[in-house]
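Reading the structure
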Amino acid sequence: MRLFIDIETVPNWQVVTDNTNSERKKKFLALCRKKLNKVQYPEQYNDDYEVQKIGALSPELGDIICICLGIEDYKNNVFKIKKLIGVEKDILVDVVTIINSIATKNNIQFISHAGLHFDYPFIVKKLIKYNIDVPTDLYEIVSAKYPPNYICDTQEYWRMRNFNDKPSLDLLCYYFDVESPKNGEITGSTVFDEYMKGNIYGIAEYCANDVYALYQIYHKIIRSQEVILPMSGSHQF
């Protein structure tokens, strides 16, 4: 069974909402600045609000606020998506439960875009933090010298050993004429702003659309002859 995965992250919420200018907040901003390139991001480097956004790219400085999982349901001819939101630990527990449940019945092929270097390590490091058992397949993805054969990262696949190239999902949507989730009101660069507004449901919908675009791109890349299934309106499986 193919399992399509995407996550959305923000800077550590507890620290971001700390208005006391505590030592922990100062340390957080200092660590975020270390991750920024002063030349590439000169304006953001002088703005604490923009500086802290970089924390979303690191499991040590960020939080998972949404994970969407997609599966192909050929029995009902729909592509089903599960949207997980809420407390980070609860999201992770649900993800592990779903993965373990599927793994007892099927071999899983994990599919993501840039997941090999972002989504999977982020998830696994968070599982370790909360002392949640890491599913064997996930652990092998992040620890193996070479990616196991049950994973397909569409970014890695499409770069074709050009290690200087990091094609975005948006670029592949353009290339393969797939509707891009980046054309909506929410994009990856605005997730934190939307979260600050309390728009978690909008973020979850954006994440779900990312997963559906990933599903279509995957089939384009592997030159699949399978019919592209419509996305289920219920977003559940």
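Computed from a predicted structure; not experimentally measured.

Rules behind the numbers
Residues numbered from 1 in each chain as written. Predicted model: local features only at pLDDT ≥ 70, side-chain atom pairs only at ≥ 80, totals over all residues. Heavy atoms only, no water. Salt bridge = Lys/Arg side-chain N within 4 Å of Asp/Glu carboxyl O. Helix = DSSP H or I, 4+ residues; strand = E, 2+ residues; numbered from the N terminus. Buried < 20%, exposed > 50% of the residue type's maximum accessible area, 1.4 Å probe, protein only. Lys, Arg positive; Asp, Glu negative; His and termini not counted. Polar contact = N/O pair within 3.5 Å; in protein donor to acceptor, adjacent residues only side chain to side chain.

What to know about the pattern of salt bridges
Summed over all chains, the structure comprises 14 salt bridges. Here E72 ties to R2 by a salt bridge, and the two come within 2.9 Å at their closest N and O atoms. Of the two residues, E72 sits in strand 2 (residues 62-73) while R2 sits in strand 1 (residues 2-11), which places them 70 residues apart along the sequence. Taken individually, E72 and R2 each receive the classification buried, so the pair is uniform in this respect. Between R159 and E156 there is a salt bridge, with the nearest N and O atoms lying 2.7 Å from each other. On the criterion of helical spacing, the pair formed by R159 and E156 is a turn pair, its members being three residues apart in helix 7 (residues 154-159). Of the residues examined, R159 reaches a relative accessible area of 8% and is grouped as buried. The class for E156 is partly exposed, based on a relative accessible area of 21%. In this structure, a network of salt bridges that share partners links the residues R2, E72 and E226.

Looking at the side chain of D18
By secondary structure assignment, the location of D18 is in the loop between helix 1 (13-16) and helix 2 (23-35). The side chain of D18 sits in the buried core without any salt bridge; K25 is the nearest counter-charge, 6.1 Å away. Within the structure, D18 has its side chain in polar contact with the side chain of S22 (distance 2.5 Å).

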